[in-house]
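# Fold and geometry: a report
Single-letter residue listing:
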Amino acid sequence: VSLPVALAESVPEPAPIIASPPSSSFEAPPGTLADRLEAFASWTGRQLGLNDLLVVDDHGDILFGMHEHAGLVVSAMMACKATMRSSALGAAGLSNIIEQPISIDRMLVIVPCETSYGTLSIAFVHEGGFPQCDALLLRNALVLAIETRVDTAPAAPSGGGVLD
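In this text, all values refer to a predicted model and were calculated from it rather than measured experimentally.

### Re the overall build of the chain
Within the chain one finds three helices and five strands. Each helix (α) and strand (β) of the chain, taken in turn from the N terminus, gives the series α-β-β-α-β-β-β-α. Within the span of the chain, comprising 164 residues, buried residues form 30% of the whole. By sequence separation, contacts in the chain at least 24 residues apart represent 47% of the contacts at least 6 residues apart. Of the roughly 10,900 Å² that the chain leaves accessible, carbon and sulfur atoms contribute 60%.

### Observations concerning the nonpolar core
Counting 25 residues, the largest nonpolar core has F40, F124, F130, L138 and L142 as its most contacted members. With six residues, the single largest contributor to this core is helix 3 (residues 132-147). When neighbours within four sequence positions are excluded, F130 is seen to be in contact with L48, L50, I97, E99, V109, F124, A135 and L138.

### Let's talk about the sheet that holds strand 4 (residues 106-115)
Here we have five strands laid out as an open sheet, ordered 2-1-5-4-3, and antiparallel in their pairing. In this open sheet, the two edge strands, each paired with only one partner strand, are strand 2 (62-64) and strand 3 (98-101). Each adjacent strand pair in this sheet contributes to an overall mean axis angle of 30°, direction not counted. Judged from the two bridges that link them, strand 1 (residues 53-57) and strand 2 form a sheet pairing that is antiparallel.

### Overview of the side chain of R36
Here R36 shows up in helix 1 (residues 33-48). Despite its burial, R36 pairs with no opposite charge, the nearest such side chain being D35 at 7.2 Å. There is a polar contact of 2.8 Å between the side chain of R36 and the backbone oxygen of G31.

### Describing the side chain of T115
Looking at the secondary structure, you find T115 in strand 4. Residue classification places T115 among the buried positions, given a relative accessible area of 9%. Within the local environment of T115, its side chain forms a polar contact with the backbone nitrogen of Y117, the two atoms lying 3.1 Å apart. Apart from residues lying up to four places away in sequence, T115 is in contact with L120, V143, I146 and E147.

### Brief notes about the environment of G45
Checked against the element boundaries, G45 lands in helix 1. Excluding residues within four positions of it along the chain, G45 makes contact with L50 and N51.

### Side note on the packing of aromatic side chains
Inspection of the entire model under this criterion finds four aromatic pairs. Consider the rings of F26 and F40, whose centres lie 6.2 Å apart with planes at 90°: the pair is edge-to-face. Pair noted here: F26 is in the segment before helix 1 and F40 is in helix 1, with a separation of 14 residues, a long-range link. F40 sits in the buried class, given a relative accessible area of 0%.

### Examining the pairing of strand 5 (residues 118-127)
Of all the 10 residues making up strand 5, seven are buried; the element is thus mostly covered by neighbouring parts of the structure. For strand 4 and strand 5, the ladder comprises 10 bridges, and the chain directions are antiparallel. Looking across to strand 5, one finds that E114 is bridged to T119. Between strand 4 and strand 5, which pair antiparallel in sequence order, lie two residues.

Scoring rules and cut-offs
- Residues numbered from 1 in each chain as written.
- Predicted model: local features only at pLDDT ≥ 70, side-chain atom pairs only at ≥ 80, totals over all residues.
- Heavy atoms only, no water.
- Helix = DSSP H or I, 4+ residues; strand = E, 2+ residues; numbered from the N terminus.
- Buried < 20%, exposed > 50% of the residue type's maximum accessible area, 1.4 Å probe, protein only.
- Contact = heavy atoms within 4.5 Å.
- Areas by Shrake-Rupley, 256 points an atom, 1.4 Å probe, with all protein chains shown as cover.
- Core = buried A, V, L, I, M, F, W, Y, C linked by side-chain atoms within 4.5 Å.
- Pairing = 2+ DSSP bridges.
- Axes fitted to C-alpha atoms, helices over the stretch in contact; angles between N-to-C directions.
- Lys, Arg positive; Asp, Glu negative; His and termini not counted.
- Salt bridge = Lys/Arg side-chain N within 4 Å of Asp/Glu carboxyl O.
- Polar contact = N/O pair within 3.5 Å; in protein donor to acceptor, adjacent residues only side chain to side chain.
- Phe/Tyr/Trp six-rings, centres within 6.5 Å; stacked < 30°, edge-to-face > 60°.

See the structure below:
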């Protein structure tokens, strides 16, 4: 007596292994503010494809970043921000990013970010418009990099001797 193929025991196929997507959230490393800003810049390159960015305070001082045209970028950024402050567009608050065309397909993008040190701006050149959801990721990551406090106090000795 032969059994039909349909009656034979079937071995279930193993469930496919789905790789988890890379984490898009920024984690501030321990270290100095310069270390954390460097990690922030590396994260923006990996997650958002931003390579040359500047972090600038409300006075136009560059807190982080190197760009061959940094002076021009900061001047353009300050002019855009002044225009925003003096117009009805400025009433919309920090939720808006500033996009200023600098060539046919490139924009100077300025993402303002409120921190305990005041308003900081992330400035970079981007091809085309910059999505609002990416601006939110940038803001959250910069705040984390800036606001993370590192306790630099030495640990209390555990015993009386050096070799304890």
